[in-house]
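For reference, the chains in residue letters:
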Amino acid sequence: YLLRTKERKQVTLKKKFLLNISLVFCGTFLLFSILMALQVFRELKKEKAIQNRMYMEMLANQIVESIDKYKAVVEAVALQQQVKTLDYTQIEPYFKEFLTKENRTIWSHFIICNQYGTEQAHSEGFSGHGYSIKRDPSFKVPYETGQTYVGSPGISISTKRAVMGIGVPIIRDGRTVGVVNGYVWLEHISKMINSYSLTDNSYVFLLN
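Draft legend 1. Representation of a nonpolar patch on the surface within the structure. Together, L30, L31, I34, L35 and L38 make up an exposed nonpolar region whose accessible area comes to about 480 Å². Relative to the helices and strands, L31 is located in helix 1 (residues 2–78).

Draft legend 2. Region of interest: the nonpolar core. Ranked by internal contacts, the top residues of the largest apolar core, which has 32 residues, are Y70, V77, F95, W107, F110, I112 and V180. Of all the secondary-structure elements, those providing two or more residues to this core are helix 1, helix 3 (88–101), strand 1 (107–114), strand 4 (162–172), strand 5 (175–185) and helix 5 (186–194). Counting residues per element, this core draws most heavily on helix 1, which supplies seven residues. Core analysis: the second largest hydrophobic core is formed by seven residues, I111, C113, I133 and V179 among them.

Draft legend 3. Examining the pairing of strand 1 more closely. Along strand 1, eight of the eight residues are buried, which leaves the element largely enclosed by surrounding structure. One ladder, built from seven bridges, connects strand 1 with strand 5; its direction is antiparallel. Within strand 5, the residue paired with F110 across the bridge is G182. Pairing of strand 1 with strand 2 (residues 119–122), which is carried by three bridges, proceeds in the antiparallel orientation. The partner of I111 across the bridge, within strand 2, is H122. Hairpin connection of strand 1 to strand 2: four residues between the antiparallel strands, including G117 at a positive phi of 85°.

Draft legend 4. A look at the pattern of salt bridges. Counted under the stated rule, the structure contains three salt bridges. Between K101 and E97 there is a salt bridge, and its shortest N-O distance comes to 3.4 Å. Residue K101 and its partner E97 are located together in helix 3, separated by four residues, close to a single helical turn.

Draft legend 5. Structural context of the environment of D68. Its place among the elements puts D68 in helix 1. Along the backbone, D68 and V150 are 82 residues apart, and their C-alpha atoms lie at a distance of 9.5 Å.

Draft legend 6. Structural view of helix 4 (residues 137–145). For helix 4, every residue scored as buried is listed here: S138, F139 and P142. With its buried residues spanning 95° around the axis, helix 4 presents them on a single face. Lining the buried residues of helix 4 we find strand 1, strand 3 (149–155), strand 4 and strand 5. In the stretch just after helix 4, G146 is the one whose phi turns positive, near 75°.

Draft legend 7. Examining the sheet that holds strand 5 more closely. Across the sheet, five strands lie side by side as 2-1-5-4-3; this open sheet has antiparallel pairing. The open sheet terminates on both sides in strands that have one partner only, identified here as strand 2 and strand 3. Each strand of the sheet is rotated relative to its neighbour by a mean of 30°, with strand direction disregarded. Two strands pair when backbone bridges link them, and strand 3 and strand 4 are joined in this way by five bridges, in the antiparallel orientation. Note that in strand 4 the partner of V150 across the bridge is I166. Across the face of the sheet, helix 4 comes into contact with strand 1, strand 3, strand 4 and strand 5 while running at roughly 140° to strand 5.

Procedures and definitions
Residues numbered from 1 in each chain as written. Predicted model: local features only at pLDDT ≥ 70, side-chain atom pairs only at ≥ 80, totals over all residues. Heavy atoms only, no water. Patch = residues over 30% accessible without salt bridge, like charges linked within 9 Å, V, L, I, M, F, W, Y side chains within 5 Å. Areas by Shrake-Rupley, 256 points an atom, 1.4 Å probe, with all protein chains shown as cover. Salt bridge = Lys/Arg side-chain N within 4 Å of Asp/Glu carboxyl O. Helix = DSSP H or I, 4+ residues; strand = E, 2+ residues; numbered from the N terminus. Core = buried A, V, L, I, M, F, W, Y, C linked by side-chain atoms within 4.5 Å. Buried < 20%, exposed > 50% of the residue type's maximum accessible area, 1.4 Å probe, protein only. Pairing = 2+ DSSP bridges. Arc of directions from axis to C-beta. Contact = heavy atoms within 4.5 Å. Axes fitted to C-alpha atoms, helices over the stretch in contact; angles between N-to-C directions.

Dropping the structure here:
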């Protein structure tokens, strides 16, 4: 009887010993697995954030490059002799011909303002005359600084369209006599933005 009892205790002790070892091993393995999973998750999240930032930087650079091209177009318009006259009878035929050659999916319209910020020539004709934008930065900044100005997205006073204006000073005989504004369709900028998709469930939007 004593021998059988002793054998049972030995068997029980072995089972407890093996169970304790198993628990320690399994616990350690489980903890290690959790830590590894967390580390992998952090690395993937970090890599995804870097990828997203690079993707958005590419989009921002594409928009900047496009706007630089649009600036060059408006700056070239400001150098035309018809534009420098500030005479709508010369400017508006020029605008009409100019826009038949340019991409109308990009350009909404052009205006010419005199030194007082009053629109006196409009690519869409007489209906766009007489509006004042003297307080608008698209007139004020280029007129006062002599530099090209790219405005924030907004609604055009004369056409009520969603556009982004680019203002360039008109220089005649070394003196600033007015400002020409070229307006890019905001839908055109949106098309560039909508062409980018990080995932099937993502979207991109533009802030002013």
